[in-house]
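The chain contents come next:
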Amino acid sequence: MTYHFRQALLAMRGNLTATLGTLTTMTLTLLMLGGVLLLTLNVNRTLEGLESQVEVAAFLEGEADGAALLRQVEALPGVREAQLVPSEAVLAEMTRDYPSTAEAAKLVGNPFPDTLRVRVGRVEDSRPVAQAVERLPGVEDVEYGAGYVDQAVRTLTTVRAAGYGLVALLFAGTLLSILNAVRVAMYARRREISVMRLLGATRGFIRTPHVIEGVLLGTLSSALALAVLAPGYLALAERVAAFAPVFPVVRDQGTLLPLLGAVAMLGILTGLAGSLFATQRYLRELE
Amino acid sequence: MTYHFRQALLAMRGNLTATLGTLTTMTLTLLMLGGVLLLTLNVNRTLEGLESQVEVAAFLEGEADGAALLRQVEALPGVREAQLVPSEAVLAEMTRDYPSTAEAAKLVGNPFPDTLRVRVGRVEDSRPVAQAVERLPGVEDVEYGAGYVDQAVRTLTTVRAAGYGLVALLFAGTLLSILNAVRVAMYARRREISVMRLLGATRGFIRTPHVIEGVLLGTLSSALALAVLAPGYLALAERVAAFAPVFPVVRDQGTLLPLLGAVAMLGILTGLAGSLFATQRYLRELE
Amino acid sequence: MLGREHDQPVFLFPWPRPRRPRRVIVFRNVSLAYPASGALALDDLNVRIHKGEFVYLVGHSGAGKSSFMNLVLKRALPSRGEVQVAGEPLSRYRGRRTALLRRRIGTVFQDNLLLEHLSAYDNVAFTLQVTGVPGREWPARVGTALRTVGLEGRADARPVQLSQGEQQRVAIARAIVADPPLLLADEPTGNLDPDHAREVLRVLQHVNLRGTTVVLATHARDLVETFRHRTLTLRQGRLVRDDAAGGYAL
Amino acid sequence: MLGREHDQPVFLFPWPRPRRPRRVIVFRNVSLAYPASGALALDDLNVRIHKGEFVYLVGHSGAGKSSFMNLVLKRALPSRGEVQVAGEPLSRYRGRRTALLRRRIGTVFQDNLLLEHLSAYDNVAFTLQVTGVPGREWPARVGTALRTVGLEGRADARPVQLSQGEQQRVAIARAIVADPPLLLADEPTGNLDPDHAREVLRVLQHVNLRGTTVVLATHARDLVETFRHRTLTLRQGRLVRDDAAGGYAL
Ligand SMILES: Nc1ncnc2c1ncn2[C@@H]1O[C@H](COP(=O)(O)OP(=O)(O)OP(=O)(O)O)[C@@H](O)[C@H]1O
Ligand SMILES: Nc1ncnc2c1ncn2[C@@H]1O[C@H](COP(=O)(O)OP(=O)(O)OP(=O)(O)O)[C@@H](O)[C@H]1O
Ligand SMILES: [Mg+2]
Ligand SMILES: [Mg+2]
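All values reported here derive from a predicted model rather than from experimental measurement. Starting afresh in each chain, residues are numbered from 1 along the sequence in its written order. To label them, take the chains in the order written and letter them from A, then take the ligands in the order written and number them from 1. In view of the model being predicted, local features appear only for residues whose pLDDT reaches at least 70, and side-chain atom pairs are presented and counted only at 80 or more, with totals across whole chains, interfaces and linings using the full set of residues. Processing note: side-chain calculations cover all non-hydrogen atoms of the structure and skip hydrogens and water entirely.

Novice: Can you help me understand the coordination of the magnesium ion (ligand 4) in this one?
Specialist: Under perfect tetrahedral coordination by four donors, a metal shows angles of 109.5 degrees; under perfect octahedral coordination by six donors, it shows angles of 90 or 180 degrees. Each metal site lists N, O and S donors within 2.8 Å (3.2 Å for Na, K and Ca). With water left out of the atoms, a site can look as if it is missing ligands. With distances of 1.9 to 2.0 Å, the protein atoms coordinating the magnesium ion (ligand 4) are D:Ser66 (OG) and D:Gln110 (OE1). With a gap of 44 residues between them, D:Ser66 in helix α1 (residues 65-72) and D:Gln110 in the loop between β6 (105-108) and α3 (120-131) connect regions that are remote in the sequence. Secondary structure elements follow DSSP: runs of H or I of four or more residues count as helices, runs of E of two or more count as strands, with numbering from the N terminus.

This is the structure:
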C-alpha cells in the first residue's frame, strides 16, 4: 500500500499540469454543481410560492348574488377551490397588509367590492378560468396574475434548465479531464506498464496507484469546492435576504448540509469511478 | 505544411480524450466568459441607472421658504445639484406616472408637499447629505433610496466580482488544459521527438503541428461557444425584457457583436499562445 | 546433459497440477501469423524442452526466435497448434494465472525492457517484489545478482545512465535473481564484448546446473560453438535442425 | 586506405568555412563526466579522424564508445577539452546549426531509434525529408537503401512488426540513404546473425569507398579481424590503442 501511495504521489507530481488541470476542472464543476443545486433549491421554493399564488379574483357588481355565483364558479372545469370574500373582509385584509388603506377608506368609504377568490389546479388553467368567470353575469371585472406568474415560472424554469445543462456539460468536462489525467499518467508509464505485466505484475497492482490518485484528486476538489461554496453561499443568501426579502432564500442547515455533503460525495465518487474506468480501459488499450 | 496539418489531425485523433477534454474546458470557459461579460454589461447598465436615481427628497413644511432652503442645501458638501419642486408639479408628475393618483387627489386634495430634490455626487454621500438636510429648519421629512440602492449596488458588484473570479479560475483551467493537452501530445511523441532532433529536425519543425492543433482547438471552441451563446443570450434577453421591463437589458447589435467577437478572438489567441508556450517549454523539458 | 534432469527434485518446479512435470515447454504443430504480416513467423513447429535442459535457439534475423519466446510468455498466441508450458496449455493461463506463469519465468528481453524510472537495484528488486519475496531478503539477493554480472558499483544508476551493455547485464541480473524454474534469454549478449559475453554464458550455465531450464536465443556463433548444448535452428519460421550435440549450423 | 582521402572532391563535404576540411573529427584532450556518475566516461582523449577513413571503435562494455559518438553528434558536451567536427568546434554549432550538423551525419544508434508510428519506408524517407531532398526522389532512394539491407519486402511494416534484427537493418538503411559525408554506426550488428552482419559490413565499406567517413563501434571481433581497418581501442574512457593496421586487441 505504501508503494502504491508513493507511486500515486510521484505520478501526481510528475504530471503536475495534468493534476492541476484536473483539480481545477473538477473543483469548478463541483462549485458549479453546488451553485446550480442551491439555485434550483431557491428557484423551486420561489416557484412553489408563486404557484400557490395563482388565483383568479372576480370583483362582483354591488347587486350580484354572491352565493349563486360561487356555486356556478365552483362548477367550472379547472377550478380547484373558490371562496366568496365579502367587501368588509377584503378591506380588513388590505388594512392589515397596507395600513394606509384604513385612512383612505375613512375618507372615501370601503372601495372594495365583494370578491370571489378562485384557485385553479394548474398555472395554465388560470386564463380560461378567468375568461369563463368574466362572462358570468354579475361579475364586474376579473384579475389574475397569470401574465406575471406565467412569465416568472417560465423564466425560472429556463434558468434552472440552463443550469442543469451547464452542470451536465461541466460534468462531462470533469470526467474527460479525469480520464485524460489517468491516461496521461498511464501513457507516461506505458512502456513500464507493459514491462511490469511481462514480469508478472497483476492488473490490480498496476491500476492501484492511479485509482488512489483519482480518489485523492476527488477528495481534494470536494474540499476546495466546499471551502468556497459554503461561506460564499451563506454570505450571498444573507445579502439577498436583507436586500430582497420577497425571495424565500433557503438558509436552514437541515437542507443545506445534506446538499453540500452530496456534492462532496459526488466529487469523491467521480474521482474513484473515473479512475477505475480509465485504468481498466487504458490498460486494455496498452496491452 | 500539409505534413504538419496531417500530423496535427493525427495527434488530435490519437489523443482524443485530451482533445475532447480541452475542447470542453475551453468552450465552457468561453461560454462563461461570454456569459459573465454579458452579465457585467447588463449589471453595469443597471448600476448606472440605479446610481442616477440616487436622490434625496426633502419634503418641506407648508410654510417653509423653499428658495432659501434651496440655497442652503446647494451649499452642503456632497451635493451635486438641487431643485425645488412645488407641490403642484409633484402632483402632476405622480399623476402622469400613476393615473389613479388623480382620483385620490380629487377626493382628498393635493397630498404632496413642496419638495427639494437633491442629487449627490456619489452613492456613499446620500446618507450624510440626507442627515444634514433633515436637520435644516423647515424640512419636515427626508426620503432617500440609499438603503435600497446601496444594497443593490453592493449585491450587483458582488455578483460581478464573483463572475470575474469564476472566469479567472476557468481561464486558468483552460490554460492548464491546453498546456496539458500539448504536453500529452508531446509526451506521447517524446521518443519520436528526441529521435527527430537527433536526425536534424529543427525545433520549429517539431512544434508546428502542436501549434496548429492549439489554434484549431481554439477556433473550434470559439465557434461552439458563440453558437450557444448568441442565440441563448438573445432568447433570454427577450424573455427578461418581456417579463421584467424594469431591467435595461442590452440587446443592440452594436454593443453585442464586438463583445462576442472579442470572446472568439480570445479563444483563438488562447489556443495559439498556450500551444506556443507549451511547445517551447516542453520541448526544452524533453531535451 | 539431458540425464541431469532426473537428479532435480520435483518440488523445485511447483506448478499446479503438473501433468508431465518433465516437459517444461511443448510446441505441437504450432504456427504463428502476426495480423499485419503476410508470412508465417512460425510454421508448424514441434518442439519439446525438458526440465533442466539448456537449449540454444539460432537462426537468421527474422527467423522466429523471439516469436518462440513470445509464445512461451503468452505475449502472443499461436494461430494454430498448441503450446504447453509446465504441462498446461496456454489457454489455461487466464487472467491472474498469466501473471503467475510469468513470475516463474525469468526473461531477458531482446529489447532489454528495464523500468526507466528505477535504479539498477530497484529494477532487479522489482522481480522479487512481484514474486512476493520478503523485503529483508532483497539487498542480499539483488547484491549477489548484480555482482554476478559485474555491476555492483552501478546499483544506483538509472537505465539512461548506463551503457547499452550495462543495461543488458542489469536485465540478466533481473532474470536470474528470483531463481526461476525457467529462464528465457533473447540475445542477451548482443551489446556485450566477447569477455562479458563469455561471463554471461558461464552464469547461465551455472544457473542451469542449479536446476533452471534455460532457453537462449543468440547470433553469437563463437559462444554456441564454445559452450556446447542442444541447439534448435530456425529458418523462416521452420525448425530445420534439432542437434543435441550442439554447433552453429547456419 | 588513408591515402584515398586526397582523391575525394572537397565539395562532397560542403560545410561552411572548413578550416581543415580533411579532419572530419578532432578530439583534443577531451574528457566527459556525466553529471550523475562518478567515473569519467571519456578521459583525456586525443583523436583525429580524417575524411574518407573507416575507423573501428572497440572496447569493453562501458568503455565509452557510445559517449564518443554522443560528443560528435552534440548529444553530450565535453567536460574538458575540445571536440571539432568538420573543422569547427562544437561550441560553434548552436541552435539551428546543430540541426544542420546532424543532417550531415548518418547515424545508426545503438538503441536503434526508429520512429515508432512510421513504416520502415517512412522511417528511411524521414531523413530525406529533413535534409530537404525533393519528394519525387524518395521512392527510388528509399527503395535502394531498403534493398541494400534486404528489407525490400517489409517496407510497409512498422517497427513493432519487425524483428530486432530487421529494425536494426532499417536503422542502417536510414543512416545511408542520404549519402552523408560522415556515418556513425554504434553496434549496428548486435542483433544480426553472422551472414547479415557481414553483409552490413560490406555495405558500410561500399559507402566508405564512395567517400563517406565511417566510424563503427562494435563488439564483433570476427568482423574487425576479417574486414581490417584502423582500430581505436578504449578502456575505461582512455584510448589505449590506435592501430592503423586493425585487429581486435582486447
Ligand atoms: N547518461 C549517463 N549518465 C551517467 N553515466 C553514464 C551515462 N551514459 C553512460 N554513462 C556511463 O559512462 C560509461 C561509458 O558509457 P558508454 O555508453 O559510452 O559505453 P559503451 O562503450 O558504449 O558501452 P556499451 O558497449 O555497453 O554500449 C559507462 O560506465 C556508463 O555507465
Ligand atoms: N508484431 C509483429 N507483427 C507482424 N510481424 C511480426 C511481428 N513481430 C515479428 N514479426 C515478423 O515475424 C518474423 C519473425 O520475427 P522474430 O522477432 O521472431 O524474429 P527473430 O528470429 O527474433 O529475429 P531477430 O534475430 O532479428 O530478433 C519476422 O519476419 C518479423 O518481421
Ligand atoms: Mg528476435
Ligand atoms: Mg554503447
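Novice: Quick question: what am I supposed to make of the interface of chain C and chain D here?
Specialist: For an interface, size is often stated in terms of accessible area lost upon the parts coming together. Counting from both sides, the interface comprises 26 residues of chain C and, opposite them, 26 residues of chain D. Two parts placed together each lose some accessible area under a 1.4 Å probe, and adding up what both lose gives the buried area. Buried surface at the junction of chain C and chain D, summed over both partners, amounts to about 2,000 Å²; 46% is from carbon and sulfur atoms. Note on definitions: salt bridges are taken to be side-chain nitrogens of Lys or Arg within 4 Å of carboxyl oxygens of Asp or Glu. At the junction of chain C with chain D, the criterion picks out zero salt bridges. Polar contacts here mean pairs of N or O atoms no more than 3.5 Å apart (in protein, one a potential hydrogen donor and the other a potential acceptor; neighbouring residues in sequence count only if both atoms are side-chain atoms). Run the count over chain C and chain D and you get 15 residue pairs in polar contact (both at pLDDT 80 or more). Only α5 (164-176) and α6 (194-209) of chain C provide two or more residues apiece to the side of chain C that touches chain D. Sorting elements by how many residues they give to the side of chain C that touches chain D places α5(C) first, with four residues. The residue classification treats Ala, Val, Leu, Ile, Met, Phe, Trp, Tyr, Cys and Pro as nonpolar and Asp, Glu, Lys and Arg as charged. All others, Gly included, are polar. Among the residues making up the side of chain C that touches chain D, the classes are represented as four nonpolar, 14 polar and eight charged. Residues count as neighbours in contact if any of their non-hydrogen atoms are within 4.5 Å of one another.

Novice: How do you make sense of the coordination of the magnesium ion (ligand 3) when you look at a structure like this?
Specialist: The protein atoms donating to the magnesium ion (ligand 3) are C:Ser66 (OG) and C:Gln110 (OE1), with metal-donor distances spanning 1.9 to 2.1 Å. Using a 1.4 Å probe on the protein chains alone, a residue whose accessible area is under 20% of its type maximum counts as buried, one over 50% counts as exposed, and one in between counts as partly exposed. Accessibility expressed as a relative area gives 22% for C:Ser66, which makes it partly exposed.

Novice: Please clarify how the site of ligand 2 should be interpreted in this entry.
Specialist: Near, as used in this document, describes a residue that has one of its heavy atoms within 4 Å of the molecule or strand being considered. The environment of ligand 2 is made up of 21 residues, and the closest members are C:Ser66, C:Ser67, D:Arg154, D:Ser163 and D:Glu166. The residues that come close to ligand 2 belong to more than one chain, namely chains C and D. A distance of 2.8 Å is found between an oxygen atom of ligand 2 and a backbone nitrogen or oxygen belonging to C:Gly62. Here an oxygen atom of ligand 2 and a side-chain polar atom of C:Ser66 are 2.6 Å apart. Listed by contribution, the elements that provide at least two residues to the shell around ligand 2 are α1 (65-72) of chain C together with α5 (164-176) of chain D. Its residues assigned to classes, the shell around ligand 2 shows five nonpolar, 13 polar and three charged.

Novice: Teacher, can you tell me more about a nonpolar patch on the surface here?
Specialist: Among the surface-exposed residues, A:Leu107, A:Val108, B:Leu107 and B:Val108 lie close enough to one another that they form a single nonpolar patch of about 380 Å² accessible area. Mapped by element, the contributors of at least two residues to the nonpolar patch are α5 (100-108) of chain A together with α5 (100-108) of chain B. Within the secondary structure layout, A:Val108 lies in helix α5. Residue A:Val108 is classed as partly exposed on the basis of its relative accessible area of 40%. Exposure above 30% relative accessible area and the lack of any salt bridge qualify a residue for a patch; like charges then connect within 9 Å, and the nonpolar side chains Val, Leu, Ile, Met, Phe, Trp and Tyr within 5 Å. Areas reported here follow the Shrake-Rupley algorithm with a probe of radius 1.4 Å; residue values treat only the protein chains shown as occluding.

Novice: What's the story with the site of ligand 1 in this structure? I'm lost.
Specialist: Taken together, 22 residues form the shell around ligand 1, and within it C:Arg154, C:Ser163, C:Glu166, D:Ser66 and D:Ser67 come nearest. Of the chains in the model, those with residues near ligand 1 are chains C and D. Contact between ligand 1 and C:Arg154: an oxygen atom at 2.5 Å from a side-chain N or O atom of the residue. For ligand 1, whose unbound accessible area comes to 630 Å², protein coverage reaches 89%. Listed by contribution, the elements that provide at least two residues to the shell around ligand 1 are α5 of chain C together with α1 of chain D.

Novice: Looking at this structure, how should I read the relation of the copies chain C and chain D?
Specialist: Two chain copies here: they are related by a rotation about an axis and a translation along the same axis. The copies were overlaid with a least-squares fit restricted to C-alpha atoms from residues scoring a pLDDT of at least 70 in each copy. Expressed as a screw operation, the relation of chain C to chain D combines 0.0 Å of axial shift with a rotation of 180°, fitting to an RMSD of 0.0 Å. On the angle and the small slide along the axis, the relation comes out as a two-fold axis. Across chain C, the smallest distance between a C-alpha and the rotation axis is recorded for C:Gly190, namely 2.2 Å. Taken together, the interface assignments show that 100% of the residues at the interface of chain C recur at the interface of chain D, consistent with an identical surface on both copies.

Novice: Teacher, can you tell me more about the sheet that holds strand β1 (residues 55-60) of chain A here?
Specialist: Strand pairs in the sheet, formed through backbone hydrogen bonds, run parallel or antiparallel to each other. Residue and element names in this part refer to chain A. Between any two strands, pairing holds if DSSP finds at least two bridges. Spatial strand order, β2-β3-β1-β4: four strands in an open sheet with antiparallel pairing. The open sheet is flanked by β2 (79-85) and β4 (139-144), the only strands paired with a single partner. Averaged over all pairs of adjacent strands, the angle between strand axes in this sheet comes to 20°, irrespective of strand direction. Pairing between β2 and strand β3 (residues 115-120): six bridges, direction antiparallel. Here an axis means a line fitted to C-alpha atoms, over the contact stretch when the element is a helix, while the angle between two N-to-C directions is reported on a 0 to 180 degree scale.

Novice: In this structure, what is going on with the packing of helix α3 (residues 120-131) of chain C against α5(C)? I would like to understand it.
Specialist: For any two helices packed against each other, the geometry comes down to the angle between their axes and how far apart the axes lie. Residue and element names in this part refer to chain C. Following both chains from N to C, one finds α3 and α5 inclined at 25°, their axes separated by 8 Å at the closest point. Taken together, the axis directions place α3 and α5 in an arrangement best described as roughly parallel. Here the hand of the crossing between α3 and α5 comes out right-handed. Contacts between α3 and α5 involve Ala 120, Asn 123, Val 124 and Thr 127 on the former and, on the latter, Val 170, Ala 173 and Arg 174. If an angle is under 35 degrees, it is roughly parallel; if it is over 145, roughly antiparallel; if it lies from 65 to 115, roughly perpendicular; otherwise it is oblique. Here a crossing is taken to be left-handed if its near helix is turned anticlockwise relative to the far helix by less than a right angle, and right-handed if that turn runs clockwise.

Novice: Help me out: how do you make sense of helix α4 (residues 138-148) of chain D in this one?
Specialist: Since the α-helix turns once every 3.6 residues, residues separated by three or four places project in the same direction. Residues and elements named next belong to chain D. Every buried residue of α4 is accounted for by Val 142, Gly 143, Ala 145 and Leu 146. Projected onto a plane normal to the axis of α4, the buried residues spread over an arc of 165° and lie on a single side. What points out from α4, more than 90 degrees from its buried face, is the exposed set Ala 140 and Arg 147. Tucked into the core, α4 has its buried residues touching α3 and α5. Just past α4, the residue Gly 150 takes up positive phi, approximately 75°. Working definition: the arc comes from the directions between the helix axis and the C-beta atoms, pointing outward to the latter.

Novice: So what exactly am I meant to see when it comes to the side chain of A:Ser87 here?
Specialist: Residue and element names in this part refer to chain A. Inspection of the secondary structure puts Ser 87 in helix α4 (residues 87-97). Within polar-contact distance, the side chain of Ser 87 engages the side chain of Glu 88 at 3.0 Å. When sequence neighbours within four positions are dropped, the list of residues in contact with Ser 87 reads Asn 110, Phe 112, Pro 113 and Asp 114.

Novice: Would you mind going over a negative patch on the surface with me for this structure?
Specialist: Taken together, the side chains of A:Glu61, A:Glu63, A:Glu134, A:Glu140, A:Asp141 and A:Glu143 present a region of like negative charge at the surface. Looking at which element gives the most residues to the negative patch, the answer is β4(A), with three residues. Note on charges: Lys and Arg go in the positive column, Asp and Glu in the negative column, and His and the chain ends are not counted at all. A charged residue contributes its charge at one atom only: NZ of Lys, CZ of Arg, CG of Asp or CD of Glu.

Novice: For this particular structure, what's the right way to read the sheet that holds strand β8 (residues 213-217) of chain D?
Specialist: Residue and element names in this part refer to chain D. Pairing is mixed in the open sheet, where six strands are placed in the order β6-β7-β8-β3-β9-β10. Here the strands that pair on one side only, and so sit at the sheet edges, are β6 and β10 (238-243). Each neighbouring strand pair of the sheet contributes to a mean axis angle of 15°, computed without reference to strand direction. Relative to the sheet, α1 contacts β3 (54-59), β6, β7 (182-186), β8 and β9 (230-235), its axis offset from that of β7 by approximately 150°. This element, α5, spans β6 and β7 of the sheet and lies at about 175° to β6.

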